[in-house]
Amino acid sequence: MAAFDLRRRLVAEGLGTALLLAVVVGSGIMGERLAGGNVAIALLGNTLATGAALVVLIGVFGPISGAHFNPAVTLVAALRRELSWRHAALYPLVQVIGAVLGVWAAHAMFGEAIVQVSTKSRAGSSQAFAEVVATFGLLATILGTVRFKPDSTPMAVGLYITAAYWFTASTSFANPAVTLARSLSDTFAGIAPSSAPAFILAQLIGALLAAGLFGWLLKPETAS
């Protein structure tokens, strides 16, 4: 990342997040249209596209910006002093802007109204707890692979999100920028704005729990 100035890093974060949301929302629309009412098939299409895209996007943008695409990941990077707080304040801004643009791009590709507000409720304590678990697992995946096998991080993140779409009740948003942007899409991947605050709070809790536990777990032993 030292080879790229802040402007390039911010563009990479915004563009990568936009492409991610175009995939998430676009594949949700395509899956729902082709599934003939079978929600499991629609979710499977959504899952495979998202997991595959994450592998590619992290591989492309990781060397430039770190490929966070996620304010929760940025927060943990700042807490671990891997990113300055000045940069950490700017990353979420471009992530959210990129995420919204990605949603609008997906709407445009499928002939949907560009500006929408989701009516899909995802309320309840079980859904919020699922987001704690989903985000904790995502950060555990990132921190563990970066520590021991950094070249495997793109694949590991893609595989984790592919699994988490299915084992979490919330289908693993695990990302505040994604949550905000998906509240602006009244499609398969949407979330009602009223449900978004609980998701975002849960995601931040999950990220902080992972940062605390893995900060201890992965700390090298000092010679006595």
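That block above? That's the structure.
Asker: Would you take a moment to explain the overall build of the protein for this structure?
Answerer: Counting its regular elements, the protein contains 8 helices and 0 strands. For the protein, the α and β elements follow one another from N to C terminus as α-α-α-α-α-α-α-α. Taken over the C-alpha trace, the protein has a radius of gyration of 17 Å; the compact-globule value for 224 residues is 17 Å, and the two agree within 12%. For the protein, the residues scored as buried account for 53% of the 224 residues in total.

Asker: Sorry, what's going on with the packing of aromatic side chains here?
Answerer: Aromatic ring pairs are reported here in terms of the distance separating the ring centres and the angle at which the planes meet. Going through the model one piece at a time under the given rule, you end up with 4 aromatic pairs. An angle of 85 degrees between the planes, with centres 6.2 Å apart, marks the rings of F61 and F69 as edge-to-face. F69 shares its class with F61; the two are buried. Measuring from centroid to centroid gives 6.2 Å for Y160 and F167, while their planes differ by 75 degrees, and the two rings are edge-to-face. Look at Y160 and you get buried, because its relative accessible area is 13%. The residue whose ring lies beneath K120 is F188, and the NZ or CZ to ring-centre distance is 4.7 Å.

Asker: Quick question: what am I supposed to make of the nonpolar core here?
Answerer: Grouped burial of nonpolar side chains is what soluble globular proteins tend to show. L20, L21, V25, F69, L138 and L139 are the most contacted members of the largest nonpolar core, which totals 49 residues. In terms of residues, this core owes the most to one element, helix α2 (residues 39–65), which gives 7 residues. For L139, the contacting residues outside a window of four places in its chain are V73, V76, A207 and A210. Ranked by size, the runner-up nonpolar core spans 8 residues in total, among them A77, L83, Y91 and V94.

Asker: Could you clarify how one ought to interpret helix α3 (residues 71–79) in this entry?
Answerer: Structural remark: α-helix, 3.6 residues per turn; residues separated by three or four positions point the same way. Among the 9 residues of α3, 7 are classified as buried, and the element is accordingly described as predominantly covered. Every buried residue of α3 is accounted for by P71, A72, V73, T74, V76, A77 and A78. Elements that come into contact with the buried residues of α3 comprise α4 (85–109), α5 (125–148), α7 (176–182) and α8 (196–217). Of the residues flanking the start of α3, the one acting as N-cap is N70, its side-chain oxygen 2.9 Å from the backbone nitrogen of A72. A positive backbone phi angle near 60 degrees is found at R81, which sits one or two residues after α3.

Asker: How should I be thinking about the side chain of S170 in this particular structure?
Answerer: In this structure, S170 sits in the loop between α6 (153–167) and α7. With a relative accessible area of 0%, S170 lands in the buried category. A distance of 2.5 Å separates the side chain of S170 from the side chain of E131, its partner in a polar contact. S170 has contacts with R122, Q127, A130, E131 and F199, leaving out every residue within four places of it along the chain.

Asker: Looking at this structure, I do not really get the environment of W104. What am I missing?
Answerer: With respect to the helices and strands, W104 occurs in helix α4. Taking C-alpha positions, W104 is 5.3 Å from I114, a pair spaced 10 residues apart along the chain. Ignoring sequence-local partners within four residues, the contact set of W104 consists of I114 and V115.

Asker: Looking at this structure, I do not really get the pattern of salt bridges. What am I missing?
Answerer: Side chains that differ in sign of charge can pair as their charged atoms come close. This structure, assessed with the given rule, holds 4 salt bridges. With its nearest N and O atoms 2.7 Å apart, the salt bridge here joins D5 to R8. Three or more residues joined by partner-sharing salt bridges are found here, namely D5, R7 and R8.

Asker: What am I meant to see in the packing of α3 against α4 here?
Answerer: If you want to describe how two helices pack, look at the angle between their axes and the distance between the axes. For the pair α3 and α4, the least separation of the axes is 9 Å and the interaxial angle reads 175 degrees. Considering their axes alone, α3 and α4 lie roughly antiparallel with respect to each other. Across from P71, T74, L75, A78 and L79 in α3, the residues of α4 making contact are W85, A88, Y91, P92 and Q95. For the contact of α3 with α4, the residue count by class is 8 nonpolar, 2 polar and no charged.

Rules used in this analysis
- In every chain, residue numbers begin from 1 and rise along the written sequence.
- Owing to the predicted nature of the model, reporting of local features is limited to residues with pLDDT of at least 70; listing and counting of side-chain atom pairs is limited to 80 or more, with chain, interface and lining totals taken over all residues.
- Hydrogens and waters are ignored; side-chain quantities use all the structure's heavy atoms.
- Secondary structure follows DSSP: runs of H or I at least 4 residues long count as helices, runs of E at least 2 residues long count as strands, and numbering of each begins at the N terminus.
- Every radius of gyration here is taken over C-alpha atoms, with the globule rule written as 2.2 Å times N^0.38, N being the number of residues.
- Categorising residues by exposure relies on relative accessible area from a 1.4 Å probe, with only protein chains included: less than 20% of the type maximum marks a residue as buried, more than 50% marks it as exposed, and the intermediate range marks it as partly exposed.
- Classification of ring pairs uses Phe, Tyr and Trp, with its six-membered ring standing for Trp, and accepts pairs whose centres are within 6.5 Å; under 30 degrees between planes counts as stacked, over 60 as edge-to-face, and the remaining range as tilted.
- Charge-over-ring contacts are defined here by two conditions on Lys NZ or Arg CZ: a distance within 6 Å of the ring centre and an angle within 35 degrees of the ring normal.
- Side-chain atoms within 4.5 Å are what join buried Ala, Val, Leu, Ile, Met, Phe, Trp, Tyr and Cys residues into a set we call a nonpolar core.
- Pairs of residues are marked as contacts when any of their non-hydrogen atoms sit within 4.5 Å.
- Definition of a polar contact: a pair of N or O atoms within 3.5 Å, with one able to donate and the other able to accept a hydrogen when the atoms are protein atoms, and with sequence-neighbouring residues admitted only if both atoms are side-chain atoms.
- The term salt bridge refers to a pairing of a side-chain nitrogen on Lys or Arg with a carboxyl oxygen on Asp or Glu at a separation within 4 Å.
- Every axis corresponds to a line fitted to the C-alpha atoms, with the helix fit spanning only the stretch in contact, and the corresponding angles, defined between N-to-C directions, vary from 0 to 180 degrees.
- Just so you know how the angles are binned, under 35 degrees is roughly parallel, over 145 roughly antiparallel, 65 to 115 roughly perpendicular, and the rest oblique.
- Gly is put with the polar residues, along with every residue not named as nonpolar or charged; the nonpolar set is Ala, Val, Leu, Ile, Met, Phe, Trp, Tyr, Cys and Pro, and the charged set is Asp, Glu, Lys and Arg.

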